[in-house]
Structures are given as structure tokens and as C-alpha cells.
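Chain residues, written in single-letter form:
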Amino acid sequence: MAKSADVILRVDRVSKRFGETWALRDVSLDVYRGELLVLLGPSGSGKSTLLRIIAGLETATSGRLYMDGVDITDLPPYKRDTSMVFQHLALFPHMTVYENVAYGLKIRGVPKEEIDRRVDEVLSLVRIRELRDRKVTKLSGGQQQRVAIARSLILRPKILLLDEPLGALDLKLRKELHIELKRLHEEVGNTWIFVTHDQEEALTLADRIGVMNEGRLIQVGEKWDVYDYPKTRFVAEFIGETNMFTVSIDDISGGVATGSWKGFRVSFKDGGFRPGETIYLSVRPENLHISKEPPRGEEYNVFHGVVDVEVFRGSYVIYHIRLDNGEVIRVTVLSKDAEFDPGDRVYVYWRFDKGVPLRE
Amino acid sequence: METSRLLKIALVAYTAFTVGFFIYLPVAVIIVYSFNDVPFFIPEWRGFTLEWFVKAFTRRDVVTSLWNSLYIAVFTTAVSLALAIPPTFYVVRGRGRVKDLYMLYLMLPFVIPWIIIGVSLYIFYWYLGIEKSLLTAALGHIVYSIPLIVTLLAPRLYSLDPDIERASMDLGATPWQTFRYVVFPQVFPAIVSAAIITFIWSFDNFVISYYTLGGELTWPVWVFSVIGKQRNIFPVVMAVSTVIILVSTVVIAYIVKKGYVDIL
Amino acid sequence: MRRPTGESLQRLRIFLSNLPASAYIFIMFYVSIGILIAISFTVPRKYIVEWSFTLENYVRIFTDPRFLSPILNTFLIVTVATILLIIVGFPIAYYLARVNPNLGIKLIFFLIIPVEVNYLIRVYAWRNILGENGFLNSLLLSLGVIDKPLTFLFYSWFAVVIVLIHEWLPYVVIPFYVNLVGIPRQLYEAAMDLGANRWQIFRSITLPLVKPAVLTVLFIVFIPSLGEFAIPSLVGGESGIMLGVLIDRYLSDFRLAFGAALSFILLLVTMGLSILMIKIFGYEALYQR
Ligand SMILES: Nc1ncnc2c1ncn2[C@@H]1O[C@H](COP(=O)(O)OP(=O)(O)OP(=O)(O)O)[C@@H](O)[C@H]1O
Ligand SMILES: [Mg+2]
């Protein structure tokens, strides 16, 4: 979908300091036209700060921003073609839905008939047309959410910025709104940057994901790439579940590195390592297999252990396996294949190329 | 950015002028001229003296009036707190029309001028043949301070979680124990600040006292009774005021610093 | 042990705990107001009350300009003072709300200190500043700007307004400050993000959201001031006469029926205004401070 040539926003080595703390450190990022980019990171990682700098509500300590090739670093918020949906929505409590949504157009002196038309249009888009004349304080959380998005969308911004807009809602409503938001993004067709600390939300919504931690943008990419090929331990553990092995390499031959982890031998694809080096190997639970018999073939790492706990999750089951070296690892199995019981002795194995070795 | 700087400078200058000059001018005059060596007020400075302070605190009428004010303020604060706390709870927790009417009933003395409370009690005492005294004045103050305390405490009570009380009752505590050990600690700062505000208000009230006092005067009423009539009394009044400013500023600063109150 | 917590027991407890305050207010306020109202409808006599119904007092008040004009004057003075107070006080609150909260609280504290001096004394200090032998006149005389003391500065309408503003300014700044501080910063940012400039934000967000403070000011400044009598009697002179001064005059003269009638008029007007405001805006308007 997104063509790499079509960069709508370029963030170029942006840093931001608040007193002693660095909220952002040297962040560079290209955002493509029409995409839905999700910025994901734990609390305090600098997501909001980056968004606010893009919106112009905060000025960067260093670095520059370009929109469609034009330097916008020093433009005030009202001269930028971005619009923000705030973490706590920031609806104007003294106004009705209509007045909130019309606000931006009214400020710009758009004639009343056009305002009316566009408000109706955007309210239909977010499906709250019937709430037009309600006071916003008299709406439910989900409805307020839609008003906040409508208020920004009506200005047809090139980039819509959303700062954890679903943070205050309960899980069920969030899931409903995820689908709504996907639909909305496709219908409107502009570029969205969506901030969240919820990895599930990120995987549901995103075209691409950018993972942030401690003010750094650690990895950006298509969401499955980020999931399958995390660059660091942090990314691997933050997105999805994973088993992490600390391996000291002692042999490299034929493109395969081998080392030991707590008494077990582990092999994986070489990534230019040297013998003696210690790396972290991430293996997703769904890439692990279990069976009563050892697997046939050379291309597997095979451990032996006992089923410790079985966690039923509907369509799949998570097994906690206590290995012979005392460590516990997690394996996901589709429910229809979940034929093991706690106490069973099993083999756990995965193909060499399913383990992702990480230097940091 | 340029206009915002200008705006800021203008605001600072304006605030400094209004507060520093307009609000503080009379107070500054009072403090400075309480040390002026002239037995009445003139704009001219004639040298430093502490005479008015000595005189103020050796004059019986001055000292008595200050004690009387203190007595009334303490009495008013204590009694009206005790009376006002239960209605505050009801007003905050209650629902419906009865509560709304009751609220209006309690609040009415608060939303009309003090002079009406004073005048009606003046007539009331006279009509019933009640001899006016410090007590009758304090009773007058309480009419106003009950709704005053309700309005001061209610916002704080609104933010209290009623489930905590239910939990406490559920654990077997009596309503009184629940109040004493669960509710009271949470509203204590608000009660302290309500008490302070009531105390200051009562100490300083002139209008209600004026109509409900007997022969014994409070400080504000004493001031009113002499201020226009005796030219040589003003230095003494200024000296007492200087002391009041000093003492109350220190006390309030201490209490605020200790975090006992949430005035704002 | 679980205690009986029946509905009716609960009600009884609420009733009993509310009884002292309610009874107190009933006797000391409503009964005494009742007597005042009753007396206002009796024949005007000095020192005594003659219990025979008449409207004489009210007829006189509403036909004699000597009473009507102070009543109108009262509203005029207090209205002007309140409007000026808001105009003067709002920018201060606006400034205090924008500095950092620590400094803001300290400045508020600074603002409260002058209130510790009884207002009568401050009024008198004003007299020493604006009066015939006061600072301003002696300064102007010594500079040769004038050769006779200015007298309009004092004992006038003007002086009452100045002194009222001085007395009430802190009580205006504080509710506005509390109100402004309570407006989330995100609202301003959202408005800015939607394209509003500073002035537009002020008009469309700040002003509408400080309405509660305006109400508070009406309750704690406007209404009480309507009954003010010490200030106008100390500095008001003829042009600054107010209803409170009249009431006091008749009461001191022990013409109770007439004083009571004047008081009842003041009560009706202020009560009417208060109930109207409460009906429109709810009791929350009273809680803001
Ligand atoms: N105005 C500010 N002043 C001082 N420090 C700030 C300010 N804004 C943010 N910070 C700091 O910058 C860092 C990043 O904050 P930011 O709000 O961007 O985090 P976030 O990723 O959005 O977190 P959350 O998920 O909690 O919203 C934090 O350490 C925060 O304390
Ligand atoms: Mg954030």
C-alpha cells in the first residue's frame, strides 16, 4: 500500500529535553501518505511528546520536521495541516456536539451553510448524527470519542494525530471502536499517526508500527516484520509474547550458530556473530511445537521436559513446560491439537530459523 | 511570540500596580503611620515612636474589645461547626425535592445582606425583651456561619467516596465510629479551613455585631464607635491593626505551610 | 455484631442530626424575620409597636423620592462597583493562573493579607489618603497643582465605589483564580490545534468557562454589598447614600416599623435575585470559591 517514495512527513533527528529528562532522543521517522502508523511504547517513552511536536504544541530542542518536503519546524499549530485527538479528548464542555465539531471551521470564518453541511457529513461518517445538539458532557465515553475525532476530521487535515484516544474506555468498547477506526481510516484516506501503549491495539490497527522506549524510536516497520523480526529484546518482549534465551555462542559453521543455554544446546541462523559472544534468542510460543516423540530431521532445536500448567484460551491453549534444566517456557497450541495433560513428559522443539537472535 | 511577551509584561505590571499600590496602599499607610510620633493622623512624618502600641495595649476598652471579639469568634466557630456538619452531609448525600427545599431553607441567611440578619435580630431581641450581650451577638453570628460552613465543606464532601463508609458499616462499625475513624480524617483539612474562615469572618464581622451587641463591644464595633469621633484615637487603632496583621499573617502562613488547610 | 440498618432508622438518624441546625435557623432567622415583616405592616410609632395593620410605610417609601432615590442609588453604586471589580480583578486572576502554581498560591496569600485589617479601618485609612487633609491633597498642594484641597474625592459616590472595590477585590480574584486554574490546559491546546489564535481562544474557551466565577462573585460580593451601610455612612456623603444607611438611620431613631419596612424591601429584592440565580444555575454556584 504505502509507497516508500511518497513521504508525507519526515521527522529528522528530533530531540526534546524537559529540564533534566530527555523525552525524545534523536528520533528520525518517515511517515507515508495514506498510512496508519501506530507509535507503540510504554508509559513515559515519549510518544505524546513526539506527537505534540508534530502538532506544533511543543517545540523540539533540536532536529527538524518536513511536511511534503517543506520545513514546518517553526510553524505554529494553526498553520500546520495536522489535527490532534487528545489523550483525554479535551472536548469543550460548554458546547454542544455541533459547536465542538464546527469550532475549527467557525474560527476560519467558513460560511454557516457550509459549516452545517460539513458537520452533518462528518457526523454521519462517525455515525453520531442524531447526537448533533446534545451537550458533550451528556455523552457516553464512546460517543465523546467520536465527537473528538469528528472535530479533527472536519478540517480535513493531511495528518490526523491520535494520542491514546481509547485509553479511558473499557475493553469491549475499545474493540468495537478499533474496527470503526479502521473503516474510518479507509473511508477518509488521509494519514493517521496513532499512539498507544497497548500492543494488541497496535497490531489490530496498524499498517506500520514504530516502537518507542525511553525517548528512542527503536524500530519502525510493517507490523508483521516488527513482530517476526524484532530488532531488540525490548521490542520482542513488548509486542506479543516470547520466550527469551540467553545463549553464549561457541561454534559457527555453515551459516548456523550454535551455543549453550543452561545446559541445552541451541542453534540458530548466524547474523555475523563471533564465537564467545552472548546473544538473546527470541522464540514466539506459536513457533514452538510439542510432541511425545522426538521430531525427525536435523533442523530442530529439541528440549525435553514435563507439562506444568495448561491455560485454556478458547481457540488455543498455552502450555507451560518445565524443562529438564528447571526453566519454564511457554508454547501455544491450537485447541484441536491440545492433547497433553499436566505431568506428561514431552519434547519441545523449533526450527533453527524460527529463533530470532538479538544483540541487545 | 512578540505579542505574548508584551501581554505578559502588561499583566505583570497591571497586577503589581493594582495589588501593590491600590490594595496595599491603605495597609502600608496604617503600618507606617502606626509608628509616627503624632497623636493623630497627618501625612507628615514626625519621627519614630512605639507610644501608640504601649497605649493600645494598656487601654482597657481596646484590650477588652479584642478579647470580646476573640470570645465571640471562638464560640461561633465551635457551635456552628457542631451544628453545620450533619446538614452538610445530608445536603451532599440527599436527593430530590425535599433536599432542594431544605437546602434553600438553610442557605437563605447566606444569600441576603448581613444587615437583614442584624436588624431582624435587633427587633427580635427587643421584642422578646432579651438583654443584649456578647452571647446574643455570637448567636447572631451563628445564623450566618451555619450556611457559610455548609458551602465551605460541601465541595470536599462531594469528592468523598460513600462506598468507603458503607464498607466500614458493613465491617460492623457504628455510624458514629464510621464518622470518627473513616470520614472525619478525610474531611479534617476541609474542616480546619472552614473553621479558620469562620473564625476570621466572625472576629471581623461588624454589621451583625453592631445590631446584636449589648454594652460590651467587639473590636470592629469599638472602632466604628470611636473612629469618626475622636481625632486622637486613630494612631492607637493603627497600632492594633499592625499587630493584627503581623500575628494573623504568621499564624496563617504557619497553618498553610503545615498543610492543615486547603483554602483553595 | 450487625446493627439494624433499616431505612426508617436511617431516616430518623438524619432527621435527628439535622434537627439542631434546622431549629436554630428557624428560630433565629425565620421567626425573627417573621416578626420583622409583621412589624413592617404596623403603624409607624417611635419606641413602640402598635399592632394594627397598615400599608402606610410602604406607600410612603414608594411615593417619596427621599426613599426611592437612595434605593436606586444603592443598585447603581453596587452594580457599577461589581462590574468594575470584575474588570479590575479578572486580569489579576488571569495572571496568577498562568504563573507556576507555587508562586500563584503565594501571591494569593499576599492578596489576602490586607483583608486581615478590618474594613472600617481601611476605609478610614482611605480617608487619610483621599480626604481633605489627606495624602493626595497635601501632595498636590505642595506641588502647587491645586491651591485648595479637592473635596470631591471624598464623601461621594466616587469614594463609595473606590472603597467597595478595595474591600472586595480579593474576594473577586480568588474565585476567578480557582476557576481559571481548574480549566484543563488541553482545552487551550485543542483550540490552538484547531486553528484558534490567542484572542479567539480567550473569547471562545476562557470567557464562557469562567461563568461560574461570575456567579460566585454575584453571591459573595454583589448581594452582600446591597446591604452595606458602614462604608456609605463613613465616606458616602450625600451622593453616596445607600439603603443600608437609611435602615440604620430609622433603627437608631427607634422607628422600627419604618426601618423594618425598608429592610423587608431589601430582603425581598436580594432573596428574589438569589433564588433566581440558584434556580437557574443550581447550588453549585455557591460552592465555588
Ligand atoms: N511538560 C513536561 N515537562 C516535563 N517533563 C515532561 C513534560 N512532558 C513530558 N515530560 C516527560 O517526558 C517523558 C515522556 O513523556 P510523554 O508524555 O511523551 O510519554 P508517553 O509515552 O506519552 O507516556 P504515556 O503513555 O504515559 O502517555 C516523561 O518522562 C515525562 O515525564
Ligand atoms: Mg502520552
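Residues numbered from 1 in each chain as written. Chains lettered and ligands numbered in written order. Predicted model: local features only at pLDDT ≥ 70, side-chain atom pairs only at ≥ 80, totals over all residues. Heavy atoms only, no water.

1. Let's talk about the overall build of chain B
What chain B contains, in helices and strands, is 11 helices and zero strands. The secondary structure elements of chain B, listed N-terminal to C-terminal, are α-α-α-α-α-α-α-α-α-α-α. Its C-alpha atoms give chain B a radius of gyration of 23 Å, more than 25% over the compact-globule value 18 Å for 264 residues. Counting over 264 residues, chain B shows a buried share of 54%. Contacts spanning at least 24 positions in sequence make up 68% of the contacts within chain B whose residues lie at least 6 apart. Of the roughly 12000 Å² of accessible surface on chain B, 68% is carried by carbon and sulfur atoms. Between the averaged position of the 18 positive side-chain charges in chain B and that of its 14 negative side-chain charges there is a distance of 2 Å. (Helix = DSSP H or I, 4+ residues; strand = E, 2+ residues; numbered from the N terminus. Rg over C-alpha atoms; globule rule 2.2 N^0.38 Å. Buried < 20%, exposed > 50% of the residue type's maximum accessible area, 1.4 Å probe, protein only. Contact = heavy atoms within 4.5 Å. Areas by Shrake-Rupley, 256 points an atom, 1.4 Å probe, with all protein chains shown as cover. Lys, Arg positive; Asp, Glu negative; His and termini not counted. Charge placed at Lys NZ, Arg CZ, Asp CG, Glu CD.)

2. A short note on the packing of helix α4 (residues 101-112) of chain C against helix α7 (residues 157-181) of chain C
Residues and elements named next belong to chain C. At a minimum axis distance of 10 Å, the contact between α4 and α7 shows a crossing angle of 160°. Classified by the angle their axes make, α4 and α7 are roughly antiparallel. Classified by chirality, the crossing of α7 by α4 is left-handed. Each of P101, G104, I105, I108, L111 and I112 in α4 lies in contact with α7, whose residues at this interface are P170, V173, I174 and Y177. Residue composition of the contact of α4 with α7, by class: nine nonpolar, one polar and no charged. (Axes fitted to C-alpha atoms, helices over the stretch in contact; angles between N-to-C directions. Parallel < 35°, antiparallel > 145°, perpendicular 65-115°, else oblique. Left-handed = near helix turned anticlockwise from the far one by under 90°. Nonpolar A, V, L, I, M, F, W, Y, C, P; charged D, E, K, R; others polar.)

3. Quick notes on the sheet that holds strand β10 (residues 216-222) of chain A
Residue and element names in this part refer to chain A. With mixed pairing, six strands are arranged side by side in an open sheet as β6-β7-β8-β3-β9-β10. Looking at which strands have only one partner, the edges of the open sheet turn out to be β6 (82-85) and β10. Recorded for the sheet is a direction-independent mean angle of 15° between the axes of neighbouring strands. Bridge count between β6 and strand β7 (residues 159-163): four bridges; the pairing is parallel. (Pairing = 2+ DSSP bridges.)

4. With respect to the side chain of T258 of chain A
Its place among the elements puts T258 of chain A in strand β12 (residues 256-261). In contact with T258 of chain A, other than residues within four places in its own chain, are I249, D250, D251, R265, V266 and S267 of chain A.

5. A word on the nonpolar core
If you look at the biggest cluster of nonpolar residues, it comprises 272 residues, and the most contacted ones within it are L9 and I193 of chain A together with W219 of chain B. It is α7 of chain C that contributes the most residues to this core, 15 residues altogether. When near neighbours in sequence (up to four residues on either side) are disregarded, L9 of chain A contacts L29, D30, V31, I54, Y66, M67, I72, I159 and I193 of chain A. Core analysis: the second largest hydrophobic core is formed by 27 residues, W261, F264, V317 and V348 of chain A among them. (Core = buried A, V, L, I, M, F, W, Y, C linked by side-chain atoms within 4.5 Å.)

6. Concerning the pairing of strand β2 (residues 50-53) of chain C
All names here are of chain C. Bridge count between strand β1 (residues 42-43) and β2: two bridges; the pairing is antiparallel. Among the inter-strand pairings, T42 is bridged to a residue of β2, identified as F53. Counting the residues between successive antiparallel strands, the hairpin from β1 to β2 contains six residues, one of them, Y47, with a positive phi of roughly 70°.

7. Points about the site of ligand 1
All names here are of chain A. The local shell around ligand 1 consists of F18, A23, P42, S43, G44, S45, G46, K47, S48, T49, Q87 and E164. Here an oxygen atom of ligand 1 and a backbone polar atom of S45 are 3.1 Å apart. Within the contact set of ligand 1, an oxygen atom lies 3.2 Å away from a side-chain nitrogen or oxygen of Q87. Taking 630 Å² as the accessible area of ligand 1 by itself, protein coverage stands at 63%. Sorting elements by how many residues they give to the shell around ligand 1 places helix α1 (residues 47-55) first, with three residues. (Near = heavy atom within 4 Å. Polar contact = N/O pair within 3.5 Å; in protein donor to acceptor, adjacent residues only side chain to side chain.)

8. Some words on the arrangement of the chains
No other pair among the two pairs of chains in contact exceeds the contact count of chains B and C. There is no contact between chain A and chain B; across them, the least C-alpha separation is 10 Å.

9. Focus on the interface of chain A and chain C
Each side of the interface is counted separately: chain A has 25 residues, and chain C has 17 residues. Between chain A and chain C the total buried area reaches about 1700 Å² when both faces are included, carbon and sulfur atoms providing 64% of it. Between the two partners, chain A and chain C, sit one salt bridge. The partner of E189 of chain C in a salt bridge is R52 of chain A, with the nearest N and O atoms 2.6 Å apart. Where chain A touches chain C, the interface holds seven residue pairs in polar contact (both at pLDDT 80 or more). Listing elements by their share of the side of chain A that touches chain C, those giving two or more residues are α1, β6, α2 (97-107) and α4 (141-153) of chain A. (Buried area = accessible area lost by both parts, 1.4 Å probe. Salt bridge = Lys/Arg side-chain N within 4 Å of Asp/Glu carboxyl O.)

10. A closer look at the pairing of β10 of chain A
Residues and elements named next belong to chain A. Sheet analysis places strand β9 (residues 208-213) next to β10, joined by six bridges and oriented antiparallel. Residue R208 lies in a different strand from β10, and its bridge partner there is E222. Counting the residues in the hairpin turn of β9 and β10 gives two residues, including E214, whose phi is positive at 45°.

11. Thoughts on the pattern of salt bridges
Residues and elements named next belong to chain A. Within the structure shown, the criterion is met by 42 salt bridges over all chains. Note that R64 is salt-bridged to D71, the shortest N-O span being 2.7 Å. For R183, the salt bridge identified is with E180, shortest N-O distance 3.4 Å. Pair noted here: R183 and E180 are both in helix α5 (residues 171-188), with a separation of three residues, about one helical turn. For E180, a relative accessible area of 17% translates into the label buried. One salt-bridge network, in which partners are shared between bridges, spans K112, D116, D120, R129, R132 and D133.

12. Concerning the packing of aromatic side chains
Taken as a whole, this structure holds 60 aromatic pairs over all chains when the rule is applied. Relative to F224 of chain B, the ring of F206 of chain B has its centre 4.7 Å away and its plane inclined at 50°; by these criteria the two rings are tilted. Taken together, the positions of F206 of chain B in the loop between α8 (175-204) and α9 (207-212) and F224 of chain B in helix α10 (residues 219-227) put the pair 18 residues apart, joining distant regions of the chain. Comparing F206 of chain B with F224 of chain B, the two get one shared label, buried. Across the ring face of F92 of chain A, the terminal group of R151 of chain A is positioned such that the distance to the ring centre comes to 4.6 Å. (Phe/Tyr/Trp six-rings, centres within 6.5 Å; stacked < 30°, edge-to-face > 60°. Lys NZ or Arg CZ within 6 Å of the ring centre and 35° of its normal.)

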